[in-house]
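# Fold and contact review
Here is how the chains run, residue by residue.
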Amino acid sequence: MYSGTRRLSRLGYFLFGSLIMCFAACGAAASDPAQVVGPNACAECHKQETEAWKTSHHFKTFRDLPRNGEAKKIADKMGVRRIKSEGLCVTCHFTVQQKDDGKEPVAGISCESCHSAGKDWIKVHSSYSGKTAKTETKAEAAARWKLADSKGMIRTNAIYQLAKNCYGCHVVPQEELVNKGGHRAGSAFDLVSWSQGEVRHNTWYSKGKENAAASATRRRMLYLIGLGVELETSLRAVAKATVRKPYAFFMAQRVDRVRKQLAAAAKAAPNVPEIAKLVEYAHSASLKLNNERLLTAAADSVSKLLTGLTEKYDGSTMPGLDALIPGPEKYVGTVRQPSATN
């Protein structure tokens, strides 16, 4: 564990007190602008989901971030002249689409920020195999979804992939942005309370009649996979640290915190041995500089284990986790209530 964190506590409060609600990070994988169709294409069918999105900070960052004083200070320090057009910020804060005259930010954090650029899969996923929702057979639907998956769509059941997109930005694994720019080193993000708050858009299967919270079994999976992805992302961040400055300390602290949370989860769900294995991997490499090989190997092991975990479990055998999972009082933002059908 890094030493000297107490000396940096005041600096840590300053960084984490930044006004920005979403967090730029070069560690997140940016969608290819040429493959981005933009949120309007999704809104043609997903009207209720789009209305929920419009009440969120993900939507509002498009307008608000370039006007944000703290964001401007960070941009100045990083030599960024235009927040909406330079990769350091657009990777996480905006949806960028290829236009005739170049690349253009068309929205804030939107559909394709989570579900991946849709050009190759948007028509496949909505085609009903050339039939209608009522006449498409189960086998045809399964084949359609398999094809959409193969073309890059990240659906709601792909919790690991979705979580990777979330933590790729919310952890901010970008050393210079934190140390030089003064950007905070991530939010106090967790997959349950953030996904079940203002960004919740679970209206499709009820035809817009309700925006239901995730089931107990799904919340368990969101919580567990979220912890695992935070561990993986933070380990990779520490592995890339090069100097004993705030970034290195904050990322090491993040790993240490999630280690303890996973240890509690392993105790609460002893019938899921993979959780204890995650804890083992979490302690398999020292949190120190110049240890990239071992830290990356630990992160790779976590990634492989999480992939298998999502294939093997559905949350039904993990009731012991319920006491650890954030409740509705912790959900971030106000959930939008539906008002019409899709």
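Cut-offs and rules
Residues numbered from 1 in each chain as written. Predicted model: local features only at pLDDT ≥ 70, side-chain atom pairs only at ≥ 80, totals over all residues. Heavy atoms only, no water. 1 Å grid on protein atoms, 1.4 Å probe; cavity = no way out; pocket = protein on both sides within 12 Å on 5 of 7 lines; lining within 4 Å. Points joined across faces, edges and corners; volume = space filled by probe spheres on them. Helix = DSSP H or I, 4+ residues; strand = E, 2+ residues; numbered from the N terminus. Core = buried A, V, L, I, M, F, W, Y, C linked by side-chain atoms within 4.5 Å. Buried < 20%, exposed > 50% of the residue type's maximum accessible area, 1.4 Å probe, protein only. Contact = heavy atoms within 4.5 Å. Nonpolar A, V, L, I, M, F, W, Y, C, P; charged D, E, K, R; others polar. Pairing = 2+ DSSP bridges. Axes fitted to C-alpha atoms, helices over the stretch in contact; angles between N-to-C directions. Parallel < 35°, antiparallel > 145°, perpendicular 65-115°, else oblique.

Attention now moves to the layout of surface pockets. Roughly 280 Å³ of volume is contained in the second largest pocket. Taken together, 14 residues form the lining of the second largest pocket, with N157, A158, I159, T310 and E311 sitting closest to its centre. Of all the elements in the fold, those that place two or more residues in the lining of the second largest pocket are α10 (159–170), α13 (216–240) and α16 (292–312).

In this section: the nonpolar core. Formed by 71 residues in total, the largest nonpolar core has its most connected members in I225, L235 and L262. Per-element tally for this core: the top contributor is α13, with 12 residues. Every residue in contact with I225, bar those within four places of it in the chain, is listed here: I159, Y160, A163, L306, L309 and T310. Grouped together as the second largest cluster of nonpolar side chains are five residues, W121, I122, V124 and M153 included.

Let us look at empty space enclosed by the protein. Applying the stated criterion across every chain yields a total of two cavities of 30 Å³ or more. Taken as a whole, the second largest cavity holds about 30 Å³ of empty space. Of all the secondary-structure elements, those providing two or more residues to the lining of the second largest cavity are α12 (191–195) and α13. Counting residues per element, the lining of the second largest cavity draws most heavily on α13, which supplies four residues. Considered class by class, the residues forming the lining of the second largest cavity number five nonpolar, one polar and two charged.

Moving on, we come to the pairing of strand β2 (residues 102–107). Sheet topology places strand β1 (residues 95–99) next to β2; five bridges connect them, and they run antiparallel. Within β2, the position partnered with V96 by the bridge is P105. Between the end of β1 and the start of β2, which pair antiparallel, lie two residues.

Another point: the packing of helix α15 (residues 273–282) against α16. For the pair α15 and α16, the least separation of the axes is 10 Å and the interaxial angle reads 170 degrees. The angle between the axes of α15 and α16 places the two elements in the roughly antiparallel class. In this structure, α15 contributes E274, K277, L278 and Y281 to the contact, and α16 contributes A298, S301, V302, L305, L306, L309 and K312.

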